[in-house]
Amino acid sequence: MPSLARRLLALLSLVTLAAFPAAVLASTPIVIRFSHVVAVDTPKGQAAELFKRRAAELTGGRVRVDVFPNGTGYKDYEEIQALQLGAVELLAPSLSKFGPLGVKEFEAFDLPFLFEDEAALHRVTEGPVGKALLLKLEPKGIVGLAFWDAGFKSFSANRPLRRPEDFKGLRMRIQASGVIDAQMRALGALPQVLPFPDVYRALEAGVVDGCENPVSNFYTQGMHRVQRHLTLTHHGYLGYAVIANRRFWEALPADVRRALEQALGEATALANRLSREKEAADLEAVRRAGTTVVFLPSREERQRFVRALLPVHRAMEDRVGREFLRSIHAATGFDPTPR
Ligand code: LMR
């Protein structure tokens, strides 16, 4: 091609680019940065991966989700600030981590033995109480999109934890929740707030003595290598709120938002199914590793924990909001009188 023609062609394409920036933009994907603190092989990790895949499929490649697992993006409360600042678009922090945002009702989910089972829990998270709770995030620049389960927590340490008295003086790692702090103190333990990605090293170094986790987090973090005793108390719920930066979410084209909501619905179903199914497999893996003694309390032994921890409900009533707590009780049929 003669050089003048080539130059003209180059000029023409520059003019075209300048005249149709929207067309150019449409070909670049919308990027959603999704940061979380757990391993990929957990209910949350797997649900995030499914969301990534389905978001791309359902939008025909218009959306690309970049997942940052294991706290490689941000740790605990840092990640909520990053979302508010627009440094990430999507997160799924545990409900225990919303207190510092000033929405203390989220900590109600940390109350020990509040949910009889998963069905009772879902009457809250999948009903009007859950919906109203997510709406409380909007003035903070956050849209609440879904609840994901991780499962019910159990205690671990390097000494057997068979009775409430066994916790006396133990330094227990907790998430930044006033309710979990009160729970540990009710057992005579000394709660210590630490970001999740630091827990393994803190246990290994003896900075803390024990912690509480669903078995999936316990196993995938390798905590069985540094905790000799695990007691299957299932005393408290661990779950997440999937949240987005509000400005980002509301600016999405309506069809893209609808597709993402569908992807999220599928991811929610997966997270909740895995939270049910993975406990047995991960527990089996812990047992096989042979480094941790797993203790399953009898009905009477578990009842002792219930009696020791129920007073936390009354003590935390004002913190999490009486009315809110009543709405949970109404949805679940929980009886707050001492058993
Ligand atoms: C924790 O900090 O223990 C959990 O919130 C971690 C998680 O995201 O499951």
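Let me sum up the structure you'll find in this document. This is a predicted model, so every value here is computed, not measured.

1. Some details on the packing of aromatic side chains
- This structure, assessed with the given rule, holds 11 aromatic pairs.
- Between Phe109 and Tyr237, the aromatic rings sit 6.4 Å apart at their centres with planes inclined by 50°, giving tilted as the arrangement. Of the two residues, Phe109 is situated in the loop between β3 (90-91) and α5 (118-125) and Tyr237 in strand β8 (residues 229-245); the sequence distance between them amounts to 128 residues.
- For Tyr237, a relative accessible area of 3% corresponds to the buried category.
- With a centroid separation of 6.1 Å and 75° between ring planes, the pair formed by Phe115 and Tyr237 is classed as edge-to-face. Highlighted residues: Phe115 in the loop between β3 and α5 and Tyr237 in strand β8, separated in sequence by 122 residues.
- Judged by its relative accessible area of 7%, Phe115 is buried.
- Geometry around Tyr240 places Lys44 over its ring, the cationic atom sitting 3.7 Å from the centre.
- The ring of Phe295 carries Arg162 above its face, with NZ or CZ at 4.2 Å from the centroid.

2. Describing the pairing of strand β4 (residues 142-157)
- With 15 of 16 residues buried, β4 lies mostly within the body of the structure.
- Sheet analysis places β4 next to strand β7 (residues 211-213), joined by three bridges and oriented antiparallel. Following the sheet pairing, Phe155 is matched in β7 by Glu212.

Rules used throughout
Residues numbered from 1 in each chain as written. Predicted model: local features only at pLDDT ≥ 70, side-chain atom pairs only at ≥ 80, totals over all residues. Heavy atoms only, no water. Phe/Tyr/Trp six-rings, centres within 6.5 Å; stacked < 30°, edge-to-face > 60°. Helix = DSSP H or I, 4+ residues; strand = E, 2+ residues; numbered from the N terminus. Buried < 20%, exposed > 50% of the residue type's maximum accessible area, 1.4 Å probe, protein only. Lys NZ or Arg CZ within 6 Å of the ring centre and 35° of its normal. Pairing = 2+ DSSP bridges.

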